[in-house]
Amino acid sequence: MPEAVIVSTARSPIGRAMKGSLAGMRPDDLTTQMVAAALAKVPELDPTQIDDIILGTGSPAGEGGFNMGRILAVQLGLDTVPGTTVHRYCASSLQTTRMAFHAIKAGEGDVFISAGVETVSRYVKGSADSSPDTKNPIFADAEARTVENAQGGAGVWTDPRLNGLVPDAYIAMGQTAENVASLTGISREDQDRWGVRSQNRAEAAIAAGFFEREISPVTLPDGTVISKDDGPRAGVTYEAVSGLKPVFRPDGTVTAGNCCPLNDGAAALVIMSDTKAKELGLTPLARIVSTGVSGLSPEIMGLGPIEAVRRALALAGKSVDDIDLFEINEAFAVQVLGSARELKIDEDKLNVSGGAIALGHPFGMTGARITTTLINNLQTYDKQFGVETMCVGGGQGMALVIERLS
């Protein structure tokens with residue numbers, strides 16, 4: 001049975017939504033540049049041999065609609081290459097990697113593009129209310145969906161669907177973070193300190209040239225070249241973050257300092273069978289070992305990584321202690337801490353170069369972006385096995401186990 005290996009990665013700088021560096025870029029144009037950048041790193045590959053372009057996005061509407069996966073192929077001049085678009089909210093481009101992995105293992109192709117994009121700046125206006133999470137329906141703080149009975153102290157969270165308060169899975173993400181805080185008892189101080197850690201570690205990584213190794217510059221329509229993330233913020237201190245007001249509940253713990261911002265960005269991976277890589281004389285970056293996906297109550301979706309990681313590790317035949325580095329997407333500090341503590345992950349192995357609180361979380365991009373960063377970290381620290389995981393809107397978790405090969 002063939003192995004699925006990652007031979008190339010490319011990710012754009014991450015822009016702040018609305019007023020950031022990538023606000024003028026269409027999602028399809030942005031992703032086309034990243035796919036081209038990833039392909040340029042493997043000139044031995046004839047792009048017409050790509051079996052499928054699989055693109056993930058968190059909001060497939062407006063400019064992000066019309067099956068962008070196929071649009072990428074056409075814009076790249078690859079008319080004979082098919083393309084599809086996948087939607088699993090925050091894990092959309094982790095799902096695309098999973099699909100490429102499965103197709104290769106099944107013998108149904110040798111070369112795939114796994115890509116992801118989100119340009120929140122380009123969302124259709126009026127698609128959500130004007131809450132601090134803004135512009136994305138899955139992040140909208142709809143008053144009718146507020147979880148009234150989840151505002152107590154640790155351990156008092158209950159499922160509001162039982163009394164009809166919540167009609168569906170997609171309640172405000174900030175409210176789910178507050179639910180996790182109530183359920184786990186994770187303090188505001190712990191969340192703030194994690195937010196500061198994310199900013200400080202990302203700032204140090206930038207100073208060390210870490211992100212330069214994974215970012216592919218983006219050329220804007222006016223010819224301007226963007227090569228750096230809009231974040232993180234320099235010199236962030238606990239004293240400053242601890243003074244911020246809660247965003248979602250007056251007596252809550254989630255603030256702008258301990259959750260991710262809204263962002264724009266795209267990333268792409270070239271994934272192929274190990275036999276194809278050998279045929280082309282390529283040295284793979286990493287092998288995909290296993291993946292896992294799970295579901296849980298939507299009101300505590302932030303704890304989705306727990307079961308997803310357990311499933312992925314079980315399939316890999318490994319334990320938490322066998323993994324050298326972990327990346328948990330930082331949608332909210334509380335869900336990172338809640339998941340990591342339940343899994344008993346050593347924090348010294350976790351998000352070692354910062355995370356989405358500092359860098360940003362362009363929903364559809366994040367899966368492929370974290371894979372890129374995880375490989376970069378494994379190379380930087382000379383480690384072998386890594387796990388990427390994230391919570392997913394609607395009450396899901398997803399995880400990926402990789403082995404560094406070069």
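Residues numbered from 1 in each chain as written. Predicted model: local features only at pLDDT ≥ 70, side-chain atom pairs only at ≥ 80, totals over all residues. Heavy atoms only, no water.

Naming follows an unreviewed UniProt entry, where the chain appears as Acyl-CoA thiolase of Nocardia camponoti. Quoted straight from UniProt, the Sequence similarities (unreviewed entry) entry for the chain says "Belongs to the thiolase-like superfamily. Thiolase family." (UniProt positions renumbered as here; feature names shortened; annotations may be inferred.)

Here we come to the UniProt feature "active site" (unreviewed entry) in the chain. Under the feature "active site" (unreviewed entry), the UniProt entry names Cys90, His361 and Cys391. Across 302 residues of sequence, these annotated residues stay compact in space, with a maximum C-alpha separation of 12.1 Å. In this structure, Cys90 sits in the loop between strand E4 (83-86) and helix H3 (92-105). In contact with Cys90, not counting residues within four places along its chain, are His361, Phe363, Thr366, Gly367, Met390, Cys391 and Val392. Relative to the assigned elements, Cys391 resides in strand E11 (residues 385-392). (Helix = DSSP H or I, 4+ residues; strand = E, 2+ residues; numbered from the N terminus. Contact = heavy atoms within 4.5 Å.)

Overall, the coordinates contain 1 aromatic pair when judged by the stated rule. Here Phe210 and Phe211 contribute two aromatic rings whose centre-to-centre distance is 4.9 Å and whose plane-to-plane angle is 85°, an arrangement assigned as edge-to-face. No difference in accessibility class separates Phe210 from Phe211, as the two residues are buried. Looking at Arg193, its charged tip hangs above the ring of Tyr238, at a distance of 3.9 Å from the centre. The ring of Phe385 is capped by Lys318, whose NZ or CZ atom sits 4.2 Å from the centre of that ring. (Phe/Tyr/Trp six-rings, centres within 6.5 Å; stacked < 30°, edge-to-face > 60°. Buried < 20%, exposed > 50% of the residue type's maximum accessible area, 1.4 Å probe, protein only. Lys NZ or Arg CZ within 6 Å of the ring centre and 35° of its normal.)

The next thing to look at is the packing of helix H1 (residues 27-40) against helix H2 (residues 68-75). Running from N to C, H1 and H2 point in directions that differ by 60°, and their axes come no closer than 9 Å. On the basis of their axis angle, the class for H1 and H2 is oblique. The crossing of H1 and H2 is right-handed. In contact with Pro27, Asp28, Asp29, Thr31, Thr32 and Val35 of H1, H2 contributes Met68, Ile71, Leu72 and Gln75. Of the residues in the contact of H1 with H2, the class split is 5 nonpolar, 3 polar and 2 charged. (Axes fitted to C-alpha atoms, helices over the stretch in contact; angles between N-to-C directions. Parallel < 35°, antiparallel > 145°, perpendicular 65-115°, else oblique. Left-handed = near helix turned anticlockwise from the far one by under 90°. Nonpolar A, V, L, I, M, F, W, Y, C, P; charged D, E, K, R; others polar.)

Here we come to the packing of helix H8 (residues 305-316) against helix H9 (residues 333-343). Running from amino to carboxyl end, H8 crosses H9 at an angle of 45°, the nearest separation of the two axes being 9 Å. Of the possible angle classes, the one that applies to H8 and H9 is oblique. Once H8 is placed against H9, the crossing between them reads as right-handed. Between H8 and H9, the residues in contact are Pro305, Ile306, Val309 and Arg310 and Gln335, Gly338, Ser339, Glu342 and Leu343, respectively.

Inspection of the sheet shows strand E3 (residues 52-57) paired to E4 by 4 bridges, in the parallel sense. Counted as the bridge partner of Ile53 is Gly83 from E4. (Pairing = 2+ DSSP bridges.)

Counting 40 residues, the largest nonpolar core has Phe211, Ile271, Ile288 and Ile402 as the members making the most contacts within it. Counting residues per element, this core draws most heavily on helix H11 (residues 363-380), at 6 residues. Not counting the four nearest positions on each side in its chain, Phe211 is found in contact with Arg11, Ala202, Ala205, Ile206, Asp229, Ser353 and Leu359. Ranked by size, the runner-up nonpolar core spans 39 residues in total, among them Ala181, Ile323, Ile357 and Ala399. (Core = buried A, V, L, I, M, F, W, Y, C linked by side-chain atoms within 4.5 Å.)

Okay, the confidence of the model for the chain next. Summary statistics for the chain give a mean pLDDT of 91 and a share of 89% for residues scoring 70 or more. Long-range and interchain partners of residues 127-156, a stretch whose pLDDT sits below 50, account for 72 contacts in this model, where long-range means more than four residues apart. (pLDDT = per-residue confidence, 0-100.)

Looking now at the environment of Val270. Looking at the element boundaries, Val270 is found in strand E8 (residues 263-273). Residue classification places Val270 among the buried residues on the basis of a relative accessible area of 0%. When the C-alpha atoms of Val270 and Ile53 are compared, they prove to be 9.5 Å apart, with 217 residues separating the residues in sequence. The contact partners of Val270, leaving out residues within four places of it in the chain, are Val5, Ile6, Val7, Ser8, Ala38, Leu39, Val42, Leu45, Phe112 and Ile113.

Here the focus is the pairing of E11. Extensive coverage of E11 is indicated by the burial of 8 of its 8 residues. Side-chain alternation along E11 places Phe385, Val387, Thr389 and Cys391 on one buried face and Gly386, Glu388, Met390 and Val392 on a second face that is also buried. Here strand E10 (residues 325-328) pairs with E11 via 4 bridges, running parallel. Looking at E11, one finds that Phe326 is bridged to Val387. Here E11 folds back onto strand E12 (residues 396-404), and the loop between the two strands holds 3 residues, one of which, Gly394, carries a positive phi near 95°.

Below, the discussion takes up unusual backbone geometry. Residue Pro232 is bonded to the preceding Gly231 through a cis peptide linkage, with omega at -5°. One non-glycine residue with positive phi stands out, namely Phe66, at about 60°. Along the chain, Phe66 falls in the loop between E3 and H2. Assessed through its relative accessible area of 73%, Phe66 is described here as exposed. Positive phi outside glycine occurs at Asn351, with the angle close to 45°. Structurally, the position occupied by Asn351 is in the loop between H9 and helix H10 (356-359).

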